[in-house]
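# Observations on chain architecture
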Amino acid sequence: MGIEEKLPAGVLLTSVEKLVNWSRKSSVWGATFGLACCAIEMMAAGGPHYDLGRWGMEVFRASPRQADLMIVAGRVSQKMAPVLRQIYDQMAEPRWVLSMGVCASSGGMFNNYAIVQGVDHVVPVDMYLPGCPPRPEMLIDAILKLREKINHEPLGPNGRKMLEQRKERGDVPVVPYGSMPSSYRNDKARRAEWTQAVREGREEQLRIENWMKEERHLQGGGRW
Amino acid sequence: MVTTTPDKDPVTDAKEPAQRSESANPTNQQATPPSNKPGGGVPVQATPVGATTGAPAELPPSSVAGRGMFGSSGSGDTSGFGGLVRRRVGGGGSERPYGSYFDEVYDALDEAFPGLDDAIEKVVVDRGELTLHVKPERIAEVCRTMRDDESLRFELCSSVSAVDYLGADERRLHVAYHLASMTYRRRVRLEVAVGVEHPHVPSVTQVYPTADWQERETYDMFGVIFDGHPALTRILMPDDWEGHPQRKDYPLGGVPVEYKGAEIPAPDRRRSYQ
Amino acid sequence: MTNPSYAPERETSEGKIFTVTGGDWDTVVSGTDPVSDERIIVNMGPQHPSTHGVLRLVLELEGETVRDLRSVVGYLHTGIEKSIEYRNWVQGTTFVTRMDYLAPIFNETAYSLAVEKLLGIEDEITERATTIRVLMMELNRISSHLVWLATTGMELGAISIMLYGFREREYILEIFEMVSGLRMNMAYVRPGGVAQDVPDSAVVKIREFLTMMPKRLKEYEDLLSGQPIWTQRTQGVAVLDVTACVSLGVTGPVLRSAGLPWDLRKTMPYCGYDTYEFDVPTSTDADVWGRYQVRLAEIRESLKLIEQALDRLRPGPVMVRDKKIAWPAQLAIGTDGLGNSLEHVAKIMGQSMESLIHHFKLVTEGFRVPPGQVYVAIEGPRGELGAHAVSDGGTRPYRVHFREPSFVNLQALPAMAEGGMIADVIAGGASLDPVMGGCDR
């Protein structure tokens, strides 16, 4: 993928990696692959209320050759699967796939002859986003997690070697990149809280507890 | 006040299959061992008598093609409802007078269409709707009369679709034409029954061009072949798909799902409380 | 010889490689006259920014003029009608709602009306439930027309309309969320009534919406209607007159733009629509411009209807009284989300054995529907939405077929587009307002 990949492992590669990853994550352009209901929520996420333009993503390129991220939004039928693969093949590297909604992630409620049970049967997926349809805020969260993942991708074979060496040394982050929810990641105190919970293996519990604390006003089966 | 009651009282019904069933199948009181029926032995809880219309997860399909494709075996259903025998769909037609505007429609059609008695198999009036069961060969002519005659004027063909009544009789594919008259603000349904061996129905696209895609969909989903259709090809499924998905003996095709350690079977293999 | 429809494969050093092409593309292309190369075949494939969803159009072009248009649908076929046959009558609502995903309430209402007709309880649906259904349907109609306006504007190049349309739509989605818990695909209208009552905060928000919307509509008209590019691209484009509409089965705004005031709310009323005061907007232009006018006017009529519905809301139950049919739970928001209210749980666990039995039987087994078949049609935002429901007496639908207006209306696209230019294909397709989820089901 260019001369930057051939840099020898070392400080120079790390700095270039940081720069390249930062520029890749900051301006991810999506390919329009809106299929069904999730596509409408994706359009709503691009709309003014939940603005994807805040992250430079309001541009959805129709041509896959100019797009980085394919958000498979909606149910993929048997007839559509070859088209999906063709669009994916036409995208230029680096490329990522976000499967939006349960239908794209796993077939969803349509467990039958007509729907591919998860687009990971057809294309490799980097981020799964459940929901039927997921709210625009959930889509934004998934995109932010994906950006974090992109930000820490190793660059080229030497970069991957460095990553392997780091893993052998045990220098892996406690929370895998791309798994912390955005609302926790952007606040130092909550980030520490989450990291601690991951160490103990109870991050989901933490999330539920915090949510219940915030919704305390509804205790007692509150009516509207 | 209207309440829904099952067609037969479930408590007494449980005893009936023992008297009426002809084979030696056990009743629902005991656990069901696999039967010795030829063709795969899909275990059932009682032989369905006078039945009905292939409720998929409980009754085995009638044709050899479908046997063994699905069915919940040894279900943990202890409710006693397994022996419920449901009343058949269909049956006899209605007697005159039909009520409301139905008599008018029938009389007008009788006047305009010579030989109506040959073409119409039966007339059903149910839940405020008129259904004319038409012989397959005559459907295009009947439709033309329905559209053109002054007192009928059913200009709009709302819907063309089919229902698969598996297990009823040989002619299991019923094509339903819903016609609407904008002049008189009425609706009527024409129904045509064909069997799987010879599923040919004349196309009504010459009369109602809107039936074009709808007949294609009916062909795609049920395998009903419309003679005279300009381009009868698959429309919803991929072009090289085999089989007709909406038929009752075509499996749903789901996969079992593993979730948090448990495996949930596909929807057509789950236990059902019918 | 390998089947041309299957992708050819090759073993390479990197593994097996499949070459995926458009199936029968070669046979399609070779069908044209090889000598005169004036005509070219262009594929506007299922993935395209301007075709409304996954619609594939194969155009035979002579220069810029479209000589032949063939549309390929089925890229979103989900087998919903077959899936329903394996679920309860009430569970069918959740599937049906996802067919035409821009008008979920309409799908649910058509289905629920069909089931209620089969059950024979049409007269027992409470007044409040019917009024809420009308209210939600008209709100849904407005939100669907707003998406139409947004996407049509974007496809014709007026990209700012996309943002405005979605901005307005967010209001309505917030209202939906307050009433049913979800923005889209709510599974709110169920056989017997509606799932839960409309809270007072939602009523307040709807009234706010009613005051705000007319001004926004005026903004859209100022932005688009006088604008020469818009008028040139929409006037005289994709004409389809009344005879063609009726013979092709096209209903809805397209039929009304051709001059025939056929609206099922007025001609074959349901849900008490004959007691409301509203007009049916028509136009005689029969082109994209006419459809645009008709849809904007319909939004105004829907606003009138919503106001009337709000004024009619009287306190009362929202589910049918028969406990053997009515969906049992009184839902409320608790600390763990939307679920059974604590009073209901207390009732079924402690107080009433009957309630417990009803709840259990309804949720596990579902109610039984007497055998028969019905066809119920309502006026959706795209045209006549009909539900043909067949019951065999059991707890599961035997066959439910939906007559979807998008499916039937799309047949008219060749009639509208052949002879025009490619850009008119886009405009014509957009004016039909097809939703591929409804088209393919």
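Model, not experiment: these values are computed from the prediction.

Before going further, it helps to examine the interface of chain B and chain C. Often, the extent of an interface is quoted as the loss of accessible area on bringing the components together. Contacts between chain B and chain C engage 67 residues on the former and 66 residues on the latter. Across the interface of chain B and chain C, roughly 5,600 Å² is buried in total on both sides, 55% from carbon and sulfur atoms. Linking chain B with chain C are 4 salt bridges, by the criterion used here. The closest approach of N and O atoms between Glu-217 of chain B and Arg-441 of chain C, which form a salt bridge, is 2.7 Å. Scanning the region where chain B abuts chain C turns up 26 residue pairs in polar contact (both at pLDDT 80 or more). Elements supplying a minimum of two residues to the side of chain B that touches chain C: β2 (129-134), β3 (156-164), β4 (173-181), β5 (186-194) and α6 (211-222) of chain B.

Below, the discussion takes up helix α3 (residues 81-90) of chain A. All names here are of chain A. Listing the buried residues of α3 in full gives Ala-81, Val-83, Leu-84, Ile-87 and Tyr-88. Buried residues in α3, looked at end-on, bunch into an arc of 160 degrees, giving them a common side. Contacts made by the buried residues of α3 are with β3 (69-73) and β4 (96-100).

This next bit is on the UniProt feature "domain: NADH:ubiquinone oxidoreductase-like 20kDa subunit" (unreviewed entry) in chain A. The feature "domain: NADH:ubiquinone oxidoreductase-like 20kDa subunit" (unreviewed entry), as given by UniProt, occupies residues 37-146 of chain A in the numbering adopted here. When the span residues 37-146 of chain A is considered, its composition is 34% helix and 14% strand, and the gap between its end C-alpha atoms is 22 Å.

This next bit is on the interface of chain A and chain C. Of the residues lining the interface, 43 residues belong to chain A; the matching set on chain C comes to 49 residues. Between chain A and chain C we count 2 salt bridges in total. Close ionic contact of Arg-135 of chain A with Glu-177 of chain C constitutes a salt bridge, the shortest N to O distance being 2.3 Å. Across the chain A-chain C interface, the total number found is 12 residue pairs in polar contact (both at pLDDT 80 or more). Of all the elements in the fold, those that place two or more residues in the side of chain A that touches chain C are α2 (37-46), α3 and α9 (203-214) of chain A. Top element by residues in the side of chain A that touches chain C is α2 of chain A. It accounts for 6 residues. Here the residues of the side of chain A that touches chain C sort into 26 nonpolar, 11 polar and 6 charged.

Overall, the coordinates contain 50 salt bridges over all chains when judged by the stated rule. Linking Arg-202 of chain A and Glu-209 of chain A is a salt bridge whose minimum nitrogen-to-oxygen distance equals 3.5 Å. Residue Arg-202 of chain A is classed as partly exposed on the basis of its relative accessible area, which comes to 27%. Judged by its relative accessible area of 36%, Glu-209 of chain A is partly exposed. Among the ionic contacts, a cluster of salt bridges with common partners joins Glu-138, Arg-141, Arg-256, Asp-263, Arg-265, Glu-298 and Glu-379 of chain C.

Next up on the list: the sheet that holds strand β5 (residues 65-72) of chain C. Residues and elements named next belong to chain C. Ordered by their spatial adjacency, 3 strands build an open sheet running β3-β4-β5, and the pairing between neighbours is antiparallel. The open sheet has two edge strands, β3 (39-44) and β5, and neither has a second partner. In this sheet, neighbouring strand axes are inclined to one another by 20 degrees on average, regardless of whether the strands run parallel or antiparallel. In this sheet, strand β4 (residues 56-62) lies alongside β3 in antiparallel orientation, the contact comprising 6 bridges. The partner of Arg-39 across the bridge, within β4, is Glu-62. In this fold helix α17 (residues 422-432) packs onto β3, β4 and β5, with an angle of close to 150 degrees to the strand it touches most, β4.

Reading the values: rules and limits
- Residues numbered from 1 in each chain as written.
- Chains lettered and ligands numbered in written order.
- Predicted model: local features only at pLDDT ≥ 70, side-chain atom pairs only at ≥ 80, totals over all residues.
- Heavy atoms only, no water.
- Contact = heavy atoms within 4.5 Å.
- Buried area = accessible area lost by both parts, 1.4 Å probe.
- Salt bridge = Lys/Arg side-chain N within 4 Å of Asp/Glu carboxyl O.
- Polar contact = N/O pair within 3.5 Å; in protein donor to acceptor, adjacent residues only side chain to side chain.
- Helix = DSSP H or I, 4+ residues; strand = E, 2+ residues; numbered from the N terminus.
- Buried < 20%, exposed > 50% of the residue type's maximum accessible area, 1.4 Å probe, protein only.
- Arc of directions from axis to C-beta.
- UniProt positions renumbered as here; feature names shortened; annotations may be inferred.
- Nonpolar A, V, L, I, M, F, W, Y, C, P; charged D, E, K, R; others polar.
- Pairing = 2+ DSSP bridges.
- Axes fitted to C-alpha atoms, helices over the stretch in contact; angles between N-to-C directions.

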